[in-house]
Amino acid sequence: MKELSNRQRAVELLQKLGLKEYEAKCFVALWRLPKGTAKEISETSDVPRTRVYDAIQVLEAKGFVEVQHSNPQQFRAVSVDEAAETLRQKYESRTETLIEAIEDIEPAASDADEEVTHEVWSLSGGSAIANRTQQLIDSANQEIIFVVAREDALTEELLEYLRTVQQTGISILIGAVDEPLRSRVQNELPDVRTFVSGLEWLNGSPPNQSDEVTISLLLLVDQNTILVSSIHEKNNNESEKERAVFGRGFDNGLVVIVRRLMATGLQSTDDSCSALGGLSTVFTH
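Quick caveat: nothing in here was measured; it's all calculated off a predicted structure.

Peer 1: Please clarify how the sheet that holds strand β6 (residues 171-176) should be interpreted in this entry.
Peer 2: In sheet architecture, strand pairing relies on hydrogen bonds along the backbone and comes in two forms, parallel and antiparallel. Taken together, seven strands build an open sheet; the order of strands is β4-β10-β9-β8-β5-β6-β7 and the sheet is mixed. Single-partner strands in this sheet number two, and they are β4 (120-124) and β7 (193-196). Put simply, the sheet's adjacent strands are angled 15° from each other on average, direction ignored. With five bridges connecting them, strand β5 (residues 143-148) and strand β8 (residues 213-221) associate as antiparallel partners. Opposite Phe 146, over in β8, you have Leu 219 as the bridge partner. Across the sheet, helix α7 (residues 156-166) is in contact with β5 and β6; its angle to β6 comes to roughly 145°.

What follows is the structure in structure tokens.
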């Protein structure tokens, strides 16, 4: 049963990456064989034999299948790593072309020459939020301050990114909602200043028990750019949904609120206050 589920998942993923159903099924079948005739591929994949040849022809053109010109012809799939690299290069090329095409589009006339700093915007989806988080980190000139409320917010990609940014001389300070999480941060990033935030309510039980939203992380960049990420937890088999709000501007209301929340957490811990060298006082202004 698990094997069948894995095959179906592989077929679905290949379809999402641009293959048609029969092409995906034939590739998965060849990975199992690992070589075979059209008849054997049809029997393994449940693809009609008359359609196998068309699917194999496309897979060969894409560089996913090798052909032995025997009688009958034999086919075999390239390695998974090779197929993955082919797909990666294909989508990287398409992405680069897309960027060039969009950048060449002339923008419509607008009265707004500069970004309005009092605005707040929202974003959904884990990948999109992770990309925006990295983008905001990239914009830092002096300091980056995190308060992490959920351990799963500290992905390996984010940790590696922070290690890279730290080498540029940007000041990084990370708060965690409890000591075990702070210890993990310190172990992963030994040269980064850490503290227990004092904002235990971030991951505590909400007053309204029907509220399934929990804060994931708070990010403050150069005291004037913020991002707040939250998770909508599901009780069934549905996947969790991540959302974020972000804004810019020292006087932006959301930025001010988050800055003062962070200051509250920092002031609750003597060690963090001394380590900050007075930054908590600046936050409250």
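Peer 1: In this structure, what is going on with the side chain of Thr 133? I would like to understand it.
Peer 2: Position of Thr 133 relative to the elements: it lies in helix α6 (residues 126-138). Leaving out residues up to four positions away in the same chain, Thr 133 has contacts with Phe 146, Leu 158, Leu 219 and Leu 227.

Peer 1: Before we go on, may I ask you to explain the nonpolar core in this structure?
Peer 2: The nonpolar side chains of a soluble globular protein tend to be buried, and buried together. Counting 30 residues, the largest nonpolar core has Ile 137, Ile 144, Phe 146, Leu 162, Ile 174 and Leu 219 as the members making the most contacts within it. For this core, the elements supplying multiple residues, two or more each, are α6, β5, α7, β6, α8 (179-188), β8 and β10 (241-248). With five residues, α7 is the single largest residue contributor to this core. In contact with Ile 144, not counting residues within four places along its chain, are Ile 137, Val 165, Ile 170, Ser 171, Ile 172, Leu 173, Leu 219 and Leu 220. One finds Leu 19, Val 28, Leu 30 and Ala 38 within the second-largest nonpolar core, a separate group that totals 23 residues.

Peer 1: What's the story with the layout of surface pockets in this structure? I'm lost.
Peer 2: Regions of empty space are outlined by a rolling probe, equal in size to a water molecule, passed over the atoms. Of the pockets and cavities examined, the largest pocket occupies roughly 450 Å³. Around the largest pocket sit 18 residues that line it, and Ala 10, Leu 13, Leu 14, Phe 27 and Val 80 are the ones nearest its centre. Broken down by secondary-structure element, the contributors of at least two residues to the lining of the largest pocket are α1 (2-16), α2 (21-32) and α5 (80-103). If you tally residues by element for the lining of the largest pocket, the top one is α1, at seven residues. In terms of residue class, the lining of the largest pocket is built from 12 nonpolar, one polar and five charged. Those elements that place two or more of their residues in the lining of the second largest pocket are α6, α7, β8 and β9 (225-232). A per-element tally of the lining of the second largest pocket places α6 first, with six residues. Looking at the lining of the second largest pocket residue by residue, the class counts come to six nonpolar, seven polar and five charged.

Peer 1: Would you explain a positive patch on the surface in this entry?
Peer 2: A surface patch of positive charge is lined by Lys 20, Arg 51, Lys 62 and Arg 94. Considering the arrangement of structural elements, one finds Arg 51 in helix α4 (residues 49-62). Arg 51 gets classed as partly exposed once you look at its relative accessible area, which sits at 42%.

Peer 1: Explanation requested: the pattern of salt bridges in the structure shown.
Peer 2: Pairing between side chains of opposite charge can happen when their charged atoms approach one another. Inspection of every chain in the model, using the stated rule, returns 11 salt bridges. Arg 182 serves as the salt-bridge partner of Glu 179, at 2.9 Å between the closest nitrogen and oxygen. With a gap of three residues between them, Glu 179 and Arg 182 both fall in helix α8, about one helical turn apart. A relative accessible area of 39% places Glu 179 in the partly exposed class. Overlapping salt bridges, with partners in common, bring together Glu 151, Glu 156, Glu 160, Arg 163, Arg 184 and Glu 188 in one network.

Peer 1: Would you explain the sheet that holds strand β3 (residues 74-77) in this entry?
Peer 2: In space, the three strands of this open sheet follow the order β1-β3-β2, with antiparallel pairing throughout. The strands lining the two open edges of the sheet, one partner per strand, are β1 (35-36) and β2 (65-68).

Peer 1: Explain helix α3 (residues 38-45) here, please?
Peer 2: Each α-helix winds once per 3.6 residues, and so residues spaced three or four apart point in a common direction. Regarding α3, the residues found buried are Ala 38, Ile 41, Ser 42 and Ser 45. Buried residues of α3, seen end-on, are gathered within an arc of 100° and therefore sit on one face of the element. On the buried face of α3, the contacting elements are α2, β1, α4 and β3. Directly beyond the C-terminal end of α3, a positive phi value near 65° is found at Asp 46.

Peer 1: Can you help me understand the pairing of β3 in this one?
Peer 2: In β3, alternate side chains face the same way, and those of Phe 75 and Ala 77 are buried while those of Gln 74 and Arg 76 on the opposite face are not. Across two bridges, the pairing between β1 and β3 is antiparallel. Counted as the bridge partner of Gly 36 is Phe 75 from β3. Pairing of β2 with β3 involves four bridges; the strand directions are antiparallel. Bridging across to β3, Val 67 finds its partner in Phe 75. The antiparallel hairpin formed by β2 and β3 contains five residues in its connecting segment.

Criteria and cut-off values
- Residues numbered from 1 in each chain as written.
- Predicted model: local features only at pLDDT ≥ 70, side-chain atom pairs only at ≥ 80, totals over all residues.
- Heavy atoms only, no water.
- Pairing = 2+ DSSP bridges.
- Helix = DSSP H or I, 4+ residues; strand = E, 2+ residues; numbered from the N terminus.
- Axes fitted to C-alpha atoms, helices over the stretch in contact; angles between N-to-C directions.
- Contact = heavy atoms within 4.5 Å.
- Core = buried A, V, L, I, M, F, W, Y, C linked by side-chain atoms within 4.5 Å.
- Buried < 20%, exposed > 50% of the residue type's maximum accessible area, 1.4 Å probe, protein only.
- 1 Å grid on protein atoms, 1.4 Å probe; cavity = no way out; pocket = protein on both sides within 12 Å on 5 of 7 lines; lining within 4 Å.
- Points joined across faces, edges and corners; volume = space filled by probe spheres on them.
- Nonpolar A, V, L, I, M, F, W, Y, C, P; charged D, E, K, R; others polar.
- Patch = residues over 30% accessible without salt bridge, like charges linked within 9 Å, V, L, I, M, F, W, Y side chains within 5 Å.
- Areas by Shrake-Rupley, 256 points an atom, 1.4 Å probe, with all protein chains shown as cover.
- Salt bridge = Lys/Arg side-chain N within 4 Å of Asp/Glu carboxyl O.
- Lys, Arg positive; Asp, Glu negative; His and termini not counted.
- Charge placed at Lys NZ, Arg CZ, Asp CG, Glu CD.
- Arc of directions from axis to C-beta.

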